[in-house]
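Read off the chains here:
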Amino acid sequence: MTEQEIQALIDASLNSFKTEIKTEFTTANQGLASSLSKEIKKLQTPQPTIVEHTETIQDKLTLKALEQQLTDLKTQLTNKDLETIAAKRSSAVSQVIANSKALSPSALQKLFLLDNADKIKQEGDKWYVAQGDTVSTLEDALNSYLLSEDGKAFVPASGVQGSSAQETKVTPVDPNQKLKAADALFESF
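These lines cover the structure that appears in this document, whether it is placed above or below. (Residues numbered from 1 in each chain as written. Predicted model: local features only at pLDDT ≥ 70, side-chain atom pairs only at ≥ 80, totals over all residues. Heavy atoms only, no water.)

**Quick look at the overall build of the chain**
Operational definition: The secondary structure listing takes helices from DSSP runs of H or I that are at least 4 residues long and strands from runs of E that are at least 2 residues long, numbered from the N terminus. Each residue's exposure class comes from its accessible area (1.4 Å probe, protein chains only) as a fraction of the maximum for that residue type: buried when under 20%, exposed when over 50%, partly exposed otherwise. Here, two residues are considered to be in contact whenever any of their heavy atoms come within 4.5 Å of each other. Residue exposure ignores everything except the shown protein chains as possible cover, and the areas themselves are Shrake-Rupley values with a 1.4 Å probe.
From N to C terminus, the chain includes five helices and three strands. Ordering the α and β elements of the chain from the N terminus gives α-α-α-β-β-β-α-α. Looking at the 189 residues of the chain, the share that counts as buried comes to 14%. The contacts of the chain with a sequence gap of at least 6 include a subset with a gap of at least 24, amounting to 53%. For the chain, the computed accessible surface area is about 15,100 Å², with 56% contributed by carbon and sulfur atoms.

Listed below in C-alpha coordinates is the structure:
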(Lines give C-alpha, C1' and ligand atoms only; values in the text may rest on other atoms or scores of the structure.)
Protein backbone atom coordinates (compact mmCIF):
# COMPACT_ATOMS: atom_id res chain seq x y z
CA MET A 1 0.00 0.00 0.00
CA THR A 2 1.22 3.48 -0.76
CA GLU A 3 1.39 6.23 1.80
CA GLN A 4 -1.63 7.94 0.25
CA GLU A 5 -3.70 4.75 0.45
CA ILE A 6 -2.72 4.27 4.08
CA GLN A 7 -3.56 7.89 4.85
CA ALA A 8 -6.93 7.56 3.07
CA LEU A 9 -7.71 4.38 5.02
CA ILE A 10 -6.81 6.06 8.32
CA ASP A 11 -8.88 9.15 7.47
CA ALA A 12 -11.87 7.01 6.48
CA SER A 13 -11.71 4.99 9.70
CA LEU A 14 -11.31 8.14 11.79
CA ASN A 15 -14.26 9.81 10.06
CA SER A 16 -16.47 6.77 10.68
CA PHE A 17 -15.27 6.70 14.30
CA LYS A 18 -16.02 10.43 14.65
CA THR A 19 -19.52 9.98 13.18
CA GLU A 20 -20.22 7.07 15.51
CA ILE A 21 -19.09 9.06 18.54
CA LYS A 22 -21.22 12.05 17.51
CA THR A 23 -24.33 9.87 17.20
CA GLU A 24 -23.65 8.25 20.57
CA PHE A 25 -23.04 11.67 22.06
CA THR A 26 -26.30 13.02 20.61
CA THR A 27 -28.23 9.98 21.90
CA ALA A 28 -26.70 10.38 25.35
CA ASN A 29 -27.52 14.09 25.42
CA GLN A 30 -31.14 13.46 24.46
CA GLY A 31 -31.56 11.19 27.47
CA LEU A 32 -29.81 13.74 29.66
CA ALA A 33 -32.06 16.53 28.43
CA SER A 34 -35.23 14.58 29.15
CA SER A 35 -34.05 13.60 32.64
CA LEU A 36 -33.07 17.20 33.38
CA SER A 37 -36.46 18.48 32.24
CA LYS A 38 -38.14 15.99 34.60
CA GLU A 39 -35.97 17.20 37.47
CA ILE A 40 -36.79 20.78 36.62
CA LYS A 41 -40.51 20.07 36.70
CA LYS A 42 -40.10 18.45 40.11
CA LEU A 43 -38.21 21.37 41.52
CA GLN A 44 -40.26 23.96 39.59
CA THR A 45 -37.48 26.45 39.29
CA PRO A 46 -38.26 29.40 37.00
CA GLN A 47 -34.79 29.54 35.33
CA PRO A 48 -34.64 26.98 32.52
CA THR A 49 -32.43 29.29 30.40
CA ILE A 50 -29.50 28.81 32.78
CA VAL A 51 -29.80 25.05 32.43
CA GLU A 52 -29.77 25.37 28.63
CA HIS A 53 -26.73 27.62 28.85
CA THR A 54 -24.83 25.06 30.95
CA GLU A 55 -25.81 22.33 28.48
CA THR A 56 -24.23 24.26 25.61
CA ILE A 57 -21.08 24.84 27.67
CA GLN A 58 -20.93 21.11 28.51
CA ASP A 59 -21.64 20.33 24.88
CA LYS A 60 -18.72 22.48 23.72
CA LEU A 61 -16.40 21.04 26.36
CA THR A 62 -17.31 17.51 25.40
CA LEU A 63 -16.77 18.22 21.70
CA LYS A 64 -13.36 19.68 22.48
CA ALA A 65 -12.52 16.58 24.51
CA LEU A 66 -13.65 14.36 21.64
CA GLU A 67 -11.59 16.34 19.15
CA GLN A 68 -8.58 15.99 21.44
CA GLN A 69 -9.17 12.25 21.67
CA LEU A 70 -9.36 12.04 17.89
CA THR A 71 -6.07 13.88 17.45
CA ASP A 72 -4.49 11.61 20.09
CA LEU A 73 -5.81 8.56 18.23
CA LYS A 74 -4.38 9.86 14.94
CA THR A 75 -1.01 10.38 16.63
CA GLN A 76 -1.07 6.87 18.08
CA LEU A 77 -1.91 5.35 14.69
CA THR A 78 0.87 7.31 13.01
CA ASN A 79 3.36 6.16 15.67
CA LYS A 80 2.27 2.53 15.24
CA ASP A 81 2.73 2.81 11.47
CA LEU A 82 6.23 4.20 11.97
CA GLU A 83 7.06 1.40 14.42
CA THR A 84 5.80 -1.21 11.96
CA ILE A 85 7.90 0.22 9.13
CA ALA A 86 10.97 0.36 11.39
CA ALA A 87 10.45 -3.28 12.42
CA LYS A 88 10.09 -4.38 8.78
CA ARG A 89 13.21 -2.41 7.83
CA SER A 90 15.19 -3.95 10.68
CA SER A 91 14.03 -7.43 9.71
CA ALA A 92 15.03 -6.91 6.07
CA VAL A 93 18.48 -5.63 7.08
CA SER A 94 19.05 -8.55 9.47
CA GLN A 95 18.09 -11.02 6.75
CA VAL A 96 20.52 -9.43 4.28
CA ILE A 97 23.26 -9.45 6.94
CA ALA A 98 22.58 -13.13 7.69
CA ASN A 99 22.92 -13.93 3.99
CA SER A 100 26.24 -12.07 3.83
CA LYS A 101 27.75 -14.21 6.63
CA ALA A 102 29.39 -11.14 8.15
CA LEU A 103 30.93 -11.15 11.62
CA SER A 104 29.01 -9.74 14.59
CA PRO A 105 25.67 -9.36 12.79
CA SER A 106 23.91 -7.46 15.60
CA ALA A 107 26.62 -4.79 15.78
CA LEU A 108 26.73 -4.56 11.99
CA GLN A 109 22.95 -4.16 11.87
CA LYS A 110 22.99 -1.35 14.44
CA LEU A 111 25.81 0.45 12.68
CA PHE A 112 24.33 -0.01 9.20
CA LEU A 113 20.91 1.21 10.36
CA LEU A 114 22.50 4.14 12.16
CA ASP A 115 24.08 5.26 8.90
CA ASN A 116 21.27 4.35 6.49
CA ALA A 117 17.92 4.02 8.31
CA ASP A 118 16.38 7.12 6.74
CA LYS A 119 17.64 6.10 3.27
CA ILE A 120 16.18 2.57 3.28
CA LYS A 121 12.86 2.43 1.42
CA GLN A 122 10.47 -0.33 0.46
CA GLU A 123 8.70 -0.78 -2.83
CA GLY A 124 6.47 -3.83 -2.89
CA ASP A 125 8.56 -6.70 -1.56
CA LYS A 126 11.89 -5.11 -2.54
CA TRP A 127 14.04 -2.99 -0.26
CA TYR A 128 16.43 -0.43 -1.68
CA VAL A 129 18.73 2.34 -0.46
CA ALA A 130 18.38 5.80 -1.97
CA GLN A 131 21.54 7.86 -1.55
CA GLY A 132 21.05 11.12 -3.38
CA ASP A 133 20.53 10.29 -7.04
CA THR A 134 21.84 6.72 -6.69
CA VAL A 135 19.48 3.89 -5.87
CA SER A 136 20.81 0.44 -5.07
CA THR A 137 19.34 -2.73 -3.66
CA LEU A 138 19.74 -3.37 0.04
CA GLU A 139 22.13 -6.25 -0.68
CA ASP A 140 24.35 -4.07 -2.90
CA ALA A 141 24.35 -1.27 -0.33
CA LEU A 142 25.40 -3.69 2.42
CA ASN A 143 28.14 -5.19 0.23
CA SER A 144 29.51 -1.74 -0.60
CA TYR A 145 29.36 -0.88 3.11
CA LEU A 146 31.35 -4.03 3.91
CA LEU A 147 34.00 -2.89 1.41
CA SER A 148 34.27 0.53 3.12
CA GLU A 149 36.73 1.31 5.92
CA ASP A 150 34.00 1.05 8.58
CA GLY A 151 32.63 -2.21 7.21
CA LYS A 152 35.94 -4.06 6.85
CA ALA A 153 35.83 -4.98 10.54
CA PHE A 154 32.79 -7.18 9.87
CA VAL A 155 34.24 -9.12 6.93
CA PRO A 156 35.42 -12.60 7.95
CA ALA A 157 39.12 -13.30 7.65
CA SER A 158 40.38 -15.36 4.74
CA GLY A 159 41.67 -18.90 5.23
CA VAL A 160 45.30 -17.84 4.71
CA GLN A 161 47.48 -17.95 7.79
CA GLY A 162 50.18 -15.41 8.54
CA SER A 163 50.56 -11.76 7.65
CA SER A 164 52.81 -12.20 4.61
CA ALA A 165 51.03 -15.23 3.13
CA GLN A 166 49.38 -14.89 -0.23
CA GLU A 167 45.91 -16.27 -0.76
CA THR A 168 45.96 -18.73 -3.63
CA LYS A 169 43.12 -19.69 -5.83
CA VAL A 170 42.30 -23.35 -6.09
CA THR A 171 42.29 -24.56 -9.66
CA PRO A 172 40.35 -27.68 -10.51
CA VAL A 173 42.52 -30.65 -11.47
CA ASP A 174 41.90 -32.27 -14.82
CA PRO A 175 41.99 -36.06 -14.31
CA ASN A 176 43.37 -36.56 -17.86
CA GLN A 177 46.34 -34.28 -17.28
CA LYS A 178 49.55 -35.70 -15.82
CA LEU A 179 50.74 -34.27 -12.53
CA LYS A 180 53.99 -32.33 -12.64
CA ALA A 181 56.66 -32.87 -9.97
CA ALA A 182 56.29 -29.32 -8.63
CA ASP A 183 52.53 -29.76 -8.28
CA ALA A 184 52.94 -33.10 -6.51
CA LEU A 185 55.42 -31.52 -4.09
CA PHE A 186 53.03 -28.62 -3.48
CA GLU A 187 50.10 -30.97 -2.77
CA SER A 188 52.14 -32.94 -0.29
CA PHE A 189 52.57 -29.87 1.88
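Structure's up, so let's keep going.
**Describing a nonpolar patch on the surface**
Quick note on the threshold: Residues enter a patch when their relative accessible area is above 30% and they make no salt bridge; the linking distance is 9 Å between like charges and 5 Å between nonpolar side chains (Val, Leu, Ile, Met, Phe, Trp, Tyr). Salt bridge, as used here: a side-chain nitrogen of Lys or Arg that lies within 4 Å of a carboxyl oxygen of Asp or Glu.
Taken together, Met1, Ile6 and Leu9 make up a surface patch of nonpolar side chains, about 330 Å² in accessible area. Tracing the backbone through its elements, the reader meets Met1 in the segment before helix H1 (3–43). Met1 gets classed as exposed once you look at its relative accessible area, which sits at 71%.

**Here's the deal with the nonpolar core**
To keep things clear, this is the line we draw: Side-chain atoms within 4.5 Å link the members of a nonpolar core, which is a set of buried Ala, Val, Leu, Ile, Met, Phe, Trp, Tyr and Cys residues.
Membership of the largest hydrophobic core comes to 17 residues, with the highest contact counts inside it found for Val93, Leu108, Phe112, Ile120, Leu138, Leu142 and Leu146. Those elements giving two or more residues to this core turn out to be helix H2 (48–100), helix H3 (105–116), strand E2 (126–131) and helix H4 (138–147). A per-element tally of this core places H4 first, with five residues. If we ignore the near neighbours within four places in the chain, the residues touching Phe112 are Val93, Ala117, Ile120, Leu138, Ala141, Leu142 and Tyr145.

**A look at H3**
For clarity, the threshold we go by: Expected helix span is given by 1.5 Å per residue-to-residue step, counting one fewer step than there are residues. Directions drawn from the helix axis to the C-beta atoms are what define this arc.
Along its twelve residues, H3 runs 16 Å from first to last C-alpha, staying within 8% of the 16 Å computed at 1.5 Å per residue. By the burial criterion, the buried members of H3 are Leu108, Gln109, Phe112, Leu113 and Asn116. Down the axis of H3, the smallest arc covering the buried residues is 125°, so these residues share one side. Along H3, exposed side chains directed more than 90 degrees from the buried face belong to Lys110 and Leu114.

**Observations regarding the sheet that holds E2**
Quick note on the threshold: The criterion for strand pairing is that DSSP finds at least two bridges linking the strands in question. Every axis in this analysis is a line fitted to C-alpha atoms, fitted for helices over the stretch in contact. Angles between the N-to-C directions lie between 0 and 180 degrees.
Spatial strand order, E1-E2-E3: three strands in an open sheet with antiparallel pairing. A single partner strand is all that each edge strand has here, and the edge strands are strand E1 (120–123) and strand E3 (134–137). Taken pair by pair, the neighbouring strands of this sheet meet at an average axis angle of 35°, ignoring direction. Looking at chain direction, E2 and E3 are connected through four bridges and run antiparallel. What sits directly across from Ala130, in E3, is Val135. Strand contacts of H4: E1, E2 and E3, with the helix running at about 100° to E3, the strand carrying the most contacts.

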